[in-house]
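Listed below are the residues making up each chain.
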Amino acid sequence: MVFDCGKERCISYYLEYLILIAMFGKNSLNIRLKGITNDSYDSSVDTIQQHLIPLLKEHYEFDNELSMKITIRGYLPKGVGEIHIIVTTIRKLKQVNIT
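First, a word on scope: everything that follows refers to the structure included in this document. (Residues numbered from 1 in each chain as written. Predicted model: local features only at pLDDT ≥ 70, side-chain atom pairs only at ≥ 80, totals over all residues. Heavy atoms only, no water.)

### Side note on the overall build of the protein
Using the following cut-off: Numbering of helices and strands starts at the N terminus; helices are DSSP runs of H or I of at least 4 residues and strands are runs of E of at least 2. When accessible area is computed with a 1.4 Å probe and restricted to protein chains, residues below 20% of their type maximum are described as buried, those above 50% as exposed, and intermediate ones as partly exposed. Note on contacts: a residue pair qualifies if any of its non-hydrogen atoms lie within 4.5 Å across the two residues. Under the convention used here, a 1.4 Å probe and the Shrake-Rupley method define accessible areas, while residue burial counts only the protein chains that appear. Charge assignment: positive for Lys and Arg, negative for Asp and Glu; neither His nor the chain ends contribute. Charged groups are reduced to one reference atom each: NZ for lysine, CZ for arginine, CG for aspartic acid, CD for glutamic acid.
Along the backbone of the protein there are 2 helices and 6 strands. In the protein, the succession of α and β elements from N to C terminus is β-α-β-α-β-β-β-β. Counting only C-alpha atoms, the protein reaches 50 × 30 × 15 Å along its principal axes. Within the span of the protein, comprising 99 residues, buried residues form 38% of the whole. Sequence-distant contacts, at least 24 apart, represent 72% of the contacts inside the protein between residues at least 6 apart. Counting only carbon and sulfur atoms, one obtains 54% of the accessible surface of the protein, whose full area is about 6,500 Å². When the 12 positive and 11 negative side-chain charges of the protein are each reduced to one mean point, those points stand 5 Å apart.

### Some words on helix α2 (residues 45-59)
Residues three or four positions apart in an α-helix share a direction because the helix packs 3.6 residues into each turn. Put simply, the test is: By definition here, a helix of n residues has an expected span of 1.5 Å times n minus one. The reported bend at a residue is simply the angle between two axes, fitted to the 7 residues ending at it and to the 7 residues beginning with it.
In this model α2 runs 20 Å from its N-terminal to its C-terminal C-alpha over 15 residues, within 8% of the 21 Å that 1.5 Å per residue would give. Residue Leu52 marks the point of greatest curvature in α2, where the axis turns by about 30°; the proline Pro54 follows within four residues. Buried residues of α2: Val45, Asp46, Ile48, Ile53 and Leu56, and no others. If you follow the buried residues of α2, they end up packed against α1 (11-23), β3 (60-62), β4 (66-72) and β5 (81-87).

### Side note on unusual backbone geometry
Residue Pro77 is bonded to the preceding Leu76 through a cis peptide linkage, with omega at 5°. If you trace the backbone, Pro77 turns up in the loop between β4 and β5.

### Remarks on the nonpolar core
Where we set the bar: As used here, the term nonpolar core means buried Ala, Val, Leu, Ile, Met, Phe, Trp, Tyr and Cys residues forming a set that is joined through side-chain atoms within 4.5 Å.
The biggest cluster of nonpolar side chains holds 21 residues, and the ones touching the most others in it are Leu15, Ile19, Met68, Ile83, Ile85 and Val87. Breaking this core down by element, the ones donating at least two residues are α1, β2 (29-35), α2, β4 and β5. Per element, the largest residue contribution to this core is 5 residues, and it comes from α1.

Right, here's the structure in full:
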């Protein structure tokens with residue numbers, strides 16, 4: 001599946017929520033997002049790749065994989081960047097001890 005994020009917001013703006021929703025989905029998500037990869041308003045896709053994805057892998061047990069690849073970088077005004085992300089569902093949640 002391919003989704004064009006447009007030129008108004010960075011891909012990471014959509015990606016943050018997409019990952020969190022897809023983790024709890026019924027089926028895996030395999031999607032290409034096209035648009036701006038780096039801008040001055042939103043966090044870059046590098047931040048997602050280097051911080052959010054390792055954090056999620058550490059705290060959740062995914063069925064198979066959670067991976068992201070930056071295929072093409074895109075900046076304003078053209079915004080022709082592209083990333084490929086695979087999000088599998090979570091098998092189980094780890095127990096959280098609040099005390």
